[in-house]
Amino acid sequence: MLALKIKCQFRHENGNSFSLMLHSSRFIISFLFCFFFFSFLSLSVVFCQVQVFNSPVDGIMVRSGAMSRDAWAFFTNPAGTALNPVLAAGAGYESTFHLSDLSSRAAFAVFPNRYGVVSGGFSQYGFSSFNLQQYSVAFAREMAPWLRLGIKGTRMVRYQQSYGSHGIFLMDAGLQIMPSSQFAIGFFTANPSRQKWDLDNHSEYHVSYSAASILYEPSSGLFLELGLIKEMEEDAVVSFSVEAPVHQQVNLRGGVSSAPLRMAFGAGLEWEMIRFDAGINHHPTLGFSSAFGIVYVIKR
Amino acid sequence: MVRISVIWIVFICMFHFAAGQNEDDVRLWASEIMESLAADLDEDVDLTWFTEELIRLARNPVKINRARREDLEQIFFLNDIQIEAILFRRYQLEKFVTIFDLQAVEGLDRRTIMLLEPLLLFDEELDEDHRFFRRRGDLFLRTQWVLETPSGYREREDGTTPFQGNKLKLYSRMEIEPMRDVELGFVTEKDAGEPMFNNQINTLDYVSGYLSWKPNGIVKQVIVGQYRMSTGQGLVLQTAMAPRKSSMTTSIRNRHPAYRPSLSVAEGGGLNGGLIAFGTDNFTIVPFVSIQNVGGRISEDDGGNRFITSIKTDGFHRTLTELEQRKTTLEEIYGISVRWHAGRFILDGGFLHYELEHPLYPVDRPYNIHYFRGRKNQNGWFGWQGSIYNVYWFGEVAFNDNPEPALWTGTLFALSGQLNMAMAYRRIPVDFIAPLGAPLTEAGNPAGESGFYAGMELGLPAGLSLSAYIDYFEHNWLRFQTKSPSNGYDFLSVLTHRPSRGWENLLRYRHRNKVVNVPMDNPGYETGELVQNQFRLQTRYSPDNTWSFTTRADFHYVSRFGERAESPGFLLAQDIRYRHPGEKWNATLRYAMMDVEDYETRIYAYEPDLLYSFSVPSYYGVGNRVVAMVKYTPLRRLDLWVRFSRWHYANRETIGSGNMTIPGNVSREVRFQVRKRF
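Residues numbered from 1 in each chain as written. Chains lettered and ligands numbered in written order. Predicted model: local features only at pLDDT ≥ 70, side-chain atom pairs only at ≥ 80, totals over all residues.

Under an unreviewed UniProt entry, chain B has the name Helix-hairpin-helix protein and belongs to Natronoflexus pectinivorans.

(A) Broad picture of the overall build of chain B. Each helix and strand counted, chain B has six helices and 33 strands in total. With 678 residues in all, chain B has 36% of them scored as buried. The long-range fraction of contacts in chain B, counting pairs at least 24 apart against all pairs at least 6 apart in sequence, stands at 59%. (Helix = DSSP H or I, 4+ residues; strand = E, 2+ residues; numbered from the N terminus. Buried ≥ 20, exposed ≤ 12 C-beta atoms within 10 Å, placed from the backbone. Contact = placed C-beta atoms within 7 Å.)

(B) Just the overall build of chain A, in detail. What chain A contains, in helices and strands, is one helix and 16 strands. Put simply, chain A has 300 residues, and 47% of those count as buried.

(C) Structural view of the nonpolar core. Of all hydrophobic cores here, the largest spans 83 residues; its most connected members are A:Phe74, A:Ile177, B:Leu571 and B:Met594. If one sorts the elements of this core by residue count, strand β26 (residues 585–596) of chain B sits on top with six residues. Ignoring sequence-local partners within four residues, the contact set of A:Phe74 consists of A:Thr81, A:Phe108, A:Val110, A:Ser119, A:Gly121 and A:Ala138. One finds B:Ala242, B:Ile252, B:Tyr392 and B:Ala424 within the second-largest nonpolar core, a separate group that totals 29 residues. (Core = buried A, V, L, I, M, F, W, Y, C linked by C-beta atoms within 7 Å.)

(D) Highlighting the domain arrangement of chain B. Residue and element names in this part refer to chain B. Taken domain by domain, chain B holds domain 1 (2–124) and domain 2 (149–436). Residue-level contacts link 15 residues of domain 1 with 20 residues of domain 2. Looking at the side of domain 1 that touches domain 2, the elements with two or more residues in it are α2 (48–59) and α4 (80–93). Ranked by residue count, the leading element in the side of domain 1 that touches domain 2 is α2, at four residues. For the side of domain 1 that touches domain 2, the class distribution of residues is four nonpolar, four polar and seven charged. (Domains from an automatic or database assignment. Nonpolar A, V, L, I, M, F, W, Y, C, P; charged D, E, K, R; others polar.)

(E) Summary view of the environment of A:Ile185. The residue A:Ile185 is located in strand β7 (residues 183–190) in this model. When the C-alpha atoms of A:Ile185 and A:Met67 are compared, they prove to be 6.9 Å apart, with 118 residues separating the residues in sequence.

(F) Quick look at unusual backbone geometry. All names here are of chain A. Pro260 follows Ala259 through a cis peptide bond whose omega is -10 degrees. Tracing the backbone shows Pro260 in the loop between β13 (250–257) and β14 (262–271). Of note, Val62 is a non-glycine position whose phi angle comes to about 55 degrees, a positive value. Here Val62 lies in the loop between α1 (17–41) and β1 (87–95). Positive phi outside glycine occurs at Glu272, with the angle close to 50 degrees. We classify Glu272 as exposed; it has 11 C-beta atoms within 10 Å.

(G) Spatial organisation of α4(B). Residues and elements named next belong to chain B. In this model α4 runs 20 Å from its N-terminal to its C-terminal C-alpha over 14 residues, within 8% of the 20 Å that 1.5 Å per residue would give. All of the buried residues in α4 are Asp80, Ile81, Gln82, Ile83, Glu84, Ala85 and Ile86. Buried residues in α4 make contact with α3 (69–73), β14 (374–388), β15 (391–399), β16 (406–416) and β17 (419–427). At the exit of α4 stands Glu94, carrying a positive phi of roughly 75 degrees. (Expected span 1.5 Å × (residues − 1).)

(H) Geometry of the pairing of strand β30 (residues 638–649) of chain B. Residues and elements named next belong to chain B. Bridge analysis of strand β29 (residues 621–635) against β30 gives eleven bridges, and the strand direction is antiparallel. The partner of Val626 across the bridge, within β30, is Arg646. Joining the antiparallel neighbours β29 and β30 is a turn of two residues, in which Arg637 adopts a positive phi near 70 degrees. As paired strands, β30 and strand β33 (residues 666–677) are joined by eleven bridges and run antiparallel to one another. Bridging from a neighbouring strand, Ser645 pairs with Glu669 of β33. (Pairing = 2+ DSSP bridges.)

(I) How the structure looks around the pairing of strand β15 (residues 274–283) of chain A. All names here are of chain A. Pairing between β14 and β15: nine bridges, direction antiparallel. The residue of β15 that forms the bridge with Phe265 is Ile280. Hairpin connection between β14 and β15: a loop of two residues separates the two successive antiparallel strands, and Glu272 in this loop has a positive phi of roughly 50 degrees. Looking at chain direction, β15 and strand β16 (residues 287–299) are connected through ten bridges and run antiparallel. The partner of Phe276 across the bridge, within β16, is Ile294.

(J) Structural detail: the confidence of the model for chain B. Residues and elements named next belong to chain B. Taken residue by residue, chain B gives an average pLDDT of 86. The fraction at 70 or more is 90%. Taken as a whole, residues 1–22 scores under 50 in pLDDT and shows two contacts with residues more than four places along the chain or in a different chain. Here the prediction assigns the complex a pTM of 0.84, and the interface score ipTM is 0.80. (pLDDT = per-residue confidence, 0-100.)

(K) Spatial organisation of the confidence of the model for chain A. All names here are of chain A. Looking at chain A as a whole, the pLDDT averages 83, with 83% of positions reaching at least 70. Scored below 50 in pLDDT, residues 1–25 makes 40 contacts in the model with residues more than four places away or belonging to other chains. In this model, residues 32–48 is a region of pLDDT below 50 whose contacts with residues beyond four sequence positions or in other chains number 36 contacts.

(L) Region of interest: the environment of A:Ser239. All names here are of chain A. With respect to the secondary-structure elements, Ser239 resides in strand β12 (residues 237–247). Accessibility expressed as a C-beta count within 10 Å gives 23 for Ser239, which makes it buried. Ser239 sits eleven residues away from Leu228 along the chain, and the two C-alpha atoms are 6.2 Å apart. The contact partners of Ser239, leaving out residues within four places of it in the chain, are Val62, Arg63, Ser64, Gly227, Gly255, Val256 and Ser257.

The following block contains the structure:
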């Protein structure tokens, strides 16, 4: 079976979960408090989209991303990368409303090791007069069979013709819990410390947002997800998505979200050591946006 | 001699260790119970009463095989039907031997039995502490302050500073049992901005305490100092927390103990003086008296006669004006309460006299013309409760000078083991005056309200349960901010899903419809409908006693006079809690994002707080909220807490108003607490 194992089913084992958890407790608490501590201290543009790059399986599929559970989780809830047991690298391209100036591109790599899963990546958005570059490193760990935690640090550089280049440091964090074999709950927050861009003559808050999801797997490979994403000064967006296997190597995806009503359709194809993902969504006023990506397994 | 000493020391250590372990379990239980209660509240209420009840209950578990109905009523999460079922089952079995026997009680689910476990004693010998002198108690010391400096602490241009004290809020509380049947306690408090130990306030702003003695004889209890009383359904005398509408939809009956000592720091509505309870097992008489100075705004009429325009109950004495209103009027209260166990019924009645040194004359407004005025008021009441077949009937009739009595009555009944119902009716005349009354009503001032309440709790298969109530109310006179007689209704439904022991999902919907003033220049005194729709989706996963994760989303839609508010109130919150398996330390984190632009769409949400301190702030504004708290136990019986919280708004340049205005959009607060157990 050559299908990639990047996407994993969540597990719920009663066997040694608690002992594993107890052994990890000191680490977890240190981890969580460090996150909040540093997120308060870290330095800080409001841009027109919540994420610099919307991955073909999450953002472009109008999903909240809180229950991302594959390598693309690097761009949303970092806790989801903890499920990735293989060394992999990927790249993607997003065309927002099919305007080249609003396109974004990204590349990333995921490296699982004995301590957890480390991932790093780069994404870029914009055009010559205004652009954003984002360099991120994330760490995630499956603390117990029912718990995954993740944290991400990002250095973001903004260039704007009138203001020049400025940079900030951002921290994101998330968790995913699996209370039963069929259900999973995810939550993550981006820039909870509300970092600001100190521009020449004024300052602007960088976007802060939080997301939560409930994922239900009624049968193997069929996922139903109800999600919620809230950007600080925008209306909350409720989303519903479905992912289903139509072939051993092909998954189809569909989604719908509110505020405004957006619909999305996408597919994923696994072949040998490569996985292709593509998605497209429709905005009632601004039209279509699409994205595609490829992930390559370097070493099992 | 040395050997005896060693054995004695080992014995003492073993006793203290065992007691400490039990205390830890109870603390854990108490905080969980209080969290679930507070999480259900829709407004900021003083939970001191429940806090005290919990501490007391934790120290004195109920002897299940000898408990009477009143003893079990202290366990507030048990409804009356469950209490009846427990008593009936005990009658059948003659004796409960272990907690597992409770599984056979109809209407008690697994979760309720788990919550009950630390509160019940099955083997009574274990609790028989026959020592005359014993030392058992608690000492709490707490301080808190806001890191930013509100404008009230800054010097003005004329050289004055509005707040006379510093930013620290101080609180101490101690309860001790120096010997069997004797308890004493004291409490002190100084709010932020209040002076202390100077010529304005000699000590701390609030100092109170009690001494309680419970001899086992015809005299049942003697209390000197601060105490609280609760009779009937609270129409006349309810100085405990008023019964409230909540998701415990069939728990509408007033079940507070008739009297007990208190260390509440709520500076309004308490009793200070003494009472003596005496009688037999089935008949109790409680004469009581309370004499204390209360705060109020003093004025003088043209003839030089002094009167007060309002009684101050917020307890703040920070500015010169507030200090002038401190303890300005003597309040005298006395009365008698009688309770009789008459077969399957409990009857209670009594008389209450209320008198102020200076007469109370509030500024005349159309809505307040029926409020209490003058110096004196007298009330009488008659209450009943008991079961007729499988229907539990309770109620109270209360009187004052008005010939028409006030009535509050209800019934509880089980249609099956899975379906409990509650129905209640209230009719309170518009000129019914009871300064110490606080029954379950929609409005803060019950006078002039009539209403009908129906609630149900339904157990469903697959771990589902549904509870709901509807409350229709009418106000026969104008109310504050409602310039016409009005009516409305309040509907709540909670669907709970517990698929496994540690996982709970909750979907809550509340609809409220009431009449309020149209907020504009309207010489026609127009009023209109305010409709509120609140939705909450919450999931909590606690696989064991160490970890707990709670994710919650709230939406609050308001439509005023037929027009929907521009945006709904919204809250998304994540709580993470970790407890070290050895109870050495624990940590709690909350991160919440709120978007509430309209005050009417504000959302109340329970927040993790220091032990036995509970906060349910309103989330209002656009921004986020962080709460981080750590508890550490460096020595046995010594606990330390540190709590940090921060509001960070996106749509404000200042926070608060008046003297509490904070420049900027960030407000941070730190709290410390120390607890020493004896």
